[in-house]
Structures are given as structure tokens and as C-alpha cells.
Amino acid sequence: KHPSYFQGIGKPLEAPLVKLLHRYGYVGKHAPVIIQSFETNNLRQLSRMTRVPLAQLLSASGRPYDFVLSGDPRTYADLARPEGLAEIASYADGVGAHTNLMIPLVGGKLGTPTRFVADAHAAGLVVHGWTFRAENAFLPNEFDQGTDAAALGDMASHIQAFLRLGMDGLFTDQPFLGRQAIDAFVRSGK
């Protein structure tokens, strides 16, 4: 998670990771693995070392730590714009985006969708949203079920709002519920 830190202490992780993946047959674009990072330089380096899929993680705030170290003033919001997405497409296959980049929360509820998914697809990138969680405490208010923050709400409807935008995949703490939501969406033909 902290490639600049490990580079800085003389223990870069990229070469050992690629060596291990390749040793076990994870070598091409169809390998069932995705290397992801919130930083950019390590993904650029990895793009020259392996053909396994790479994903640039994008937060809804802040900036990549390697940008902080190099003095690059750009933020994740800059990378989420069409120009930034085109740059990402030069070294990665996709983006793992905070859900607020796709549909921001307004007053605790889903607001108006942005152009992020369409812009990422136009740049040739797949889009995975993060992180979908079933507990009411993590859901937008319209998907809560009951008043207990720890109770499970309607994560399926939350996920399906993003699938309707064209989101290609997702991160979830409850993969079984995520799979159910995707299957129901596909069956519905929406």
C-alpha cells in the first residue's frame, strides 16, 4: 500500500511481486489478478515489467503520495478528469474509484451522477467502485433498513445504481451479497 515508503527504505516491492506472480503463471492480461495502487509511479514501473492488469486507485479527496513527494500539485480529482484518465490509460488498464467520484453523496443520499464512468470508458479504462458495504452505517440513507447502524441495509440497490452507470466491477466487504446484487441486475436486464 505504500510503495514510496518501501522504495525509500531500499525495499521496493515491484520486482519481487512480479517475480512471484510470473512464477505461478500470472503473466498476461487475462490473469485472474489486478495490481492496484493509490500511487502512480509504481504502476508506471509495473507496466514495463508485467502484462497483468493494473488499476490506478482514486480517492474522493487528497492526492497520490508520490505526487506529494515530487511536488506535483495534482490531486485525485485531477486524475479523475478526462485528461487525467487519458494519462492513466497510458500505464493502467482500469481505475478503482471511490463511489463519490461516480455519484456524490448529497445530504447523505446519492446525488446526481457524474461523467466519470463515461469518461473513464472513453479513455479505454475499466471502472471498479469501492467500497460497497451492507451495514446501514456505510450506505446512503435511502438504502438503510431500520435504524440500527450495524444492521444490513439494501446494498443490492446501492450497487445497482452504479451498475446502471456502467461500472464494470466493485470492491465489497460482503462478496456473496455483491455477487447476488450483480446477478439480480443482470437478470433484470437493466
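Small disclaimer: the values here were computed from a predicted structure and weren't measured. (Residues numbered from 1 in each chain as written. Predicted model: local features only at pLDDT ≥ 70, side-chain atom pairs only at ≥ 80, totals over all residues. Heavy atoms only, no water.)

Caption draft 1: Main features of unusual backbone geometry. Between Trp 130 and Thr 131 the backbone carries a cis peptide bond, its omega angle lying at -25 degrees. Looking at where Thr 131 falls in the secondary structure, it is placed in strand S6 (residues 126-132). (Helix = DSSP H or I, 4+ residues; strand = E, 2+ residues; numbered from the N terminus.)

Caption draft 2: The environment of Ala 137, seen in detail. One can find Ala 137 in the loop between S6 and helix H9 (155-163). Accessibility expressed as a relative area gives 53% for Ala 137, which makes it exposed. Sequence spacing of Ala 137 and Leu 105 is 32 residues, and the spatial spacing of their C-alpha atoms is 14 Å. (Buried < 20%, exposed > 50% of the residue type's maximum accessible area, 1.4 Å probe, protein only.)

Caption draft 3: The pairing of strand S7 (residues 169-172), seen in detail. Bridge count between S6 and S7: 3 bridges; the pairing is parallel. In the strand pairing of S7, Gly 129 is matched with Leu 170. Crossover handedness for the path S6 to H9 to S7: right-handed. (Pairing = 2+ DSSP bridges. Right-handed = clockwise from strand over helix to strand, strands pointing away.)

Caption draft 4: Looking closely at the sheet that holds strand S1 (residues 35-37). Pairing within the open sheet is parallel, and its 5 strands lie in the order S1-S2-S3-S6-S7. Single-partner strands in this sheet number two, and they are S1 and S7. Pairwise comparison of adjacent strand axes, ignoring direction, gives a mean angle of 25 degrees for this sheet. (Axes fitted to C-alpha atoms, helices over the stretch in contact; angles between N-to-C directions.)

Caption draft 5: Seen up close, the nonpolar core. Grouped together as the largest cluster of nonpolar side chains are 40 residues, with contacts concentrated most on Leu 58, Leu 85, Ile 88, Val 95, Met 102, Phe 116 and Val 127. In this structure Val 95 touches Gln 56, Leu 58, Leu 85, Ile 88, Phe 116, Ala 120, Leu 125, Val 126, Val 127 and His 128, once residues within four positions along its chain are discounted. (Core = buried A, V, L, I, M, F, W, Y, C linked by side-chain atoms within 4.5 Å. Contact = heavy atoms within 4.5 Å.)

Caption draft 6: Fine view of the environment of His 22. Residue position: His 22 is located in helix H2 (residues 14-23). Owing to a relative accessible area of 30%, His 22 belongs among the partly exposed residues under this scheme. It is 9.3 Å that separates the C-alpha atoms of His 22 and Val 52, two residues lying 30 residues apart in sequence. Residues contacting His 22, with those up to four places away along its chain left out, are Val 27, Met 49 and Thr 50.

Caption draft 7: How the structure looks around the packing of aromatic side chains. All told, the structure shown has 4 aromatic pairs when counted by the stated rule. Summarising the aromatic geometry, the rings of Phe 38 and Trp 130 are spaced 5.8 Å apart at their centres and angled 85 degrees between planes, so their arrangement reads as edge-to-face. In this pair, Phe 38 is assigned in the loop between S1 and helix H3 (41-47) and Trp 130 in strand S6, connecting sequence segments 92 residues apart. Using a relative accessible area of 26% as the deciding quantity, one classes Phe 38 as partly exposed. (Phe/Tyr/Trp six-rings, centres within 6.5 Å; stacked < 30°, edge-to-face > 60°.)

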